Amino acid sequence: MTKDIRICLGVDVDAVAGWLGSYGGADSPNDVQRGVFAGEIGIPRMLTLFRRHGIRTSWFVPGHSIETFPEQTRMIVEAGHEIGAHGYSHENPLAMTPRQEEDVLAKCVELIEEYTGRRPRGYVAPWWEMSPHTAELLHTYGFSNEVDLVEFCGNWYVDDLPPMMFNKHAHNSHGFVSPRELEQTWRDQFDWVHRELDYAVVPVTLHPDVSGRPQVLLMLERFIDYVGCHDGVTFCTLEDAADDFRRRFPFAGTERPADMR
């Protein structure tokens, strides 16, 4: 069987929103400026990287990041990338009431539609945590037909932020892990998938907070070149991967993939 391995690069623009809603740095001018770096510097650098490689990617932009960095948000849209929802100020859905979660989602859908001309189809829950109400809200706001949601599970082992962004509030924070160490881990994951599976979706989670740094951009260049030289590998948005998955495995049908990673 011909290989069909789809690499989906997802970019979470946590920026200042991450420090406001999750990381505990709202009272730190230094942490806030790190978020400003992500929006003003990290986003354009990553867009340049993707343009050079001819890759379309999926960006999950909190509402606060959209409103704080409107110029950079327009750059993402104009470059042809997908934009999905990711909370407003990176709030954990488990920490909100159902009404709060709905208000946040409604606001974010409105902002994304304003910039893209259509409602988002993709959603990444902040902290990768979904409340008991999240799926129903996603249906209400047009992310799914009935209960037909395609989920690409979050994978901390192919996420750039935990090992490479220092957070003084987190006891297990790293922040000084060499990108080359992470690159080898990602290569190993890819090598196994490419060897063992004929069809797979490999979602990689990036953040301009760290992937906008020079040493990480160089790592991403090497990783993209490495996986891209293998037979049957394509880069696509998560939206396109979800549509392809549903064509292969209709929601109303009974067939499902035997092994997906």
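Look up: the structure comes first, before these words.
Residues numbered from 1 in each chain as written. Predicted model: local features only at pLDDT ≥ 70, side-chain atom pairs only at ≥ 80, totals over all residues. Heavy atoms only, no water.

S.K.: Can you help me understand the side chain of R6 in this one?
M.R.: Take R6: it is sitting in strand 1 (residues 4–12). At 3.2 Å, the side chain of R6 forms a polar contact with the side chain of D4. Other than its neighbours up to four places away in sequence, R6 contacts Y199, A200, V201, V202, T234, C236, D244 and R248. (Helix = DSSP H or I, 4+ residues; strand = E, 2+ residues; numbered from the N terminus. Polar contact = N/O pair within 3.5 Å; in protein donor to acceptor, adjacent residues only side chain to side chain. Contact = heavy atoms within 4.5 Å.)

S.K.: What's the story with the pattern of salt bridges in this structure? I'm lost.
M.R.: Two side chains with opposite charge may pair up if their charged atoms get near one another. Overall, the coordinates contain 19 salt bridges when judged by the stated rule. Among the salt bridges present, the one from K168 reaches D31, with a minimum N-O distance of 2.7 Å. Highlighted residues: K168 in the loop between helix 7 (161–164) and helix 8 (179–196) and D31 in helix 2 (residues 29–53), separated in sequence by 137 residues. A single network of salt bridges, built from pairs that share partners, joins D4, R6, D244, R247 and R248. (Salt bridge = Lys/Arg side-chain N within 4 Å of Asp/Glu carboxyl O.)

S.K.: Please clarify how the packing of aromatic side chains should be interpreted in this entry.
M.R.: We describe a pair of aromatic rings using the distance from one ring centre to the other and the angle between the two ring planes. In the structure shown here, the tally under the stated rule is ten aromatic pairs. For the ring pair F166 and F176, a centre distance of 6.1 Å and an interplane angle of 35 degrees mean the geometry is tilted. Taken together, the residues span a long stretch of sequence, with F166 in the loop between helix 7 and helix 8 and F176 in the loop between helix 7 and helix 8 at a distance of ten residues. Take F176: its relative accessible area is 73%, and that puts it in the exposed class. With centroids separated by 6.2 Å and ring planes inclined at 75 degrees, the aromatic side chains of F190 and Y226 adopt a geometry described as edge-to-face. In this pair, F190 is assigned in helix 8 and Y226 in helix 10 (residues 214–228), connecting sequence segments 36 residues apart. By relative accessible area, which is 21% here, Y226 ends up partly exposed. Among the aromatic residues, those joined into a ring-pair cluster are W19, Y23 and W127. The ring of Y226 has R187 sitting right over it, with the charged end atom 4.0 Å from the ring centre. Here R213 stacks its cationic end above the ring of F37, 3.7 Å away from the centre of that ring. (Phe/Tyr/Trp six-rings, centres within 6.5 Å; stacked < 30°, edge-to-face > 60°. Buried < 20%, exposed > 50% of the residue type's maximum accessible area, 1.4 Å probe, protein only. Lys NZ or Arg CZ within 6 Å of the ring centre and 35° of its normal.)

S.K.: Is there a simple way to explain the packing of helix 2 against helix 10 in this structure?
M.R.: The angle between the axes and the distance between the axes are what describe a pair of packed helices. Remark: helix 2 packs on helix 10, axes separated minimally by 11 Å, with the N-to-C direction vectors making an angle of 20 degrees. Our classification of the angle between helix 2 and helix 10 gives roughly parallel. The element helix 2 and its partner helix 10 pack so that their crossing is right-handed. In this structure, helix 2 contributes R45, M46, L49, R52 and H53 to the contact, and helix 10 contributes P214, L217, L220, E221, I224 and D225. For the contact of helix 2 with helix 10, the per-class residue count stands at six nonpolar, one polar and four charged. (Axes fitted to C-alpha atoms, helices over the stretch in contact; angles between N-to-C directions. Parallel < 35°, antiparallel > 145°, perpendicular 65-115°, else oblique. Left-handed = near helix turned anticlockwise from the far one by under 90°. Nonpolar A, V, L, I, M, F, W, Y, C, P; charged D, E, K, R; others polar.)

S.K.: Even after reading the chapter, I still don't get the nonpolar core, so can you show me in this structure?
M.R.: Most often, soluble globular proteins keep nonpolar side chains buried together rather than apart. Counting residues in each nonpolar core, the largest one holds 53 residues, and the members touching the most others are W59, W186 and L206. Excluding residues that lie within four positions of it along the chain, W59 makes contacts with V11, V13, I43, M46, L47, F50, I76, H81, E82, I83 and G84. Counting ten residues, the second-largest nonpolar core is a separate cluster that includes Y199, V201, C236 and F245. (Core = buried A, V, L, I, M, F, W, Y, C linked by side-chain atoms within 4.5 Å.)

S.K.: Where do I start with helix 2 in this structure?
M.R.: Residues lying three or four places apart along an α-helix face the same way, a consequence of the helix completing one turn every 3.6 residues. Over its 25 residues, helix 2 runs 35 Å from end to end, which matches the ideal 36 Å to within 8%, given 1.5 Å per residue. G54 sits one or two positions beyond helix 2 and adopts a positive phi of about 65 degrees. (Expected span 1.5 Å × (residues − 1).)

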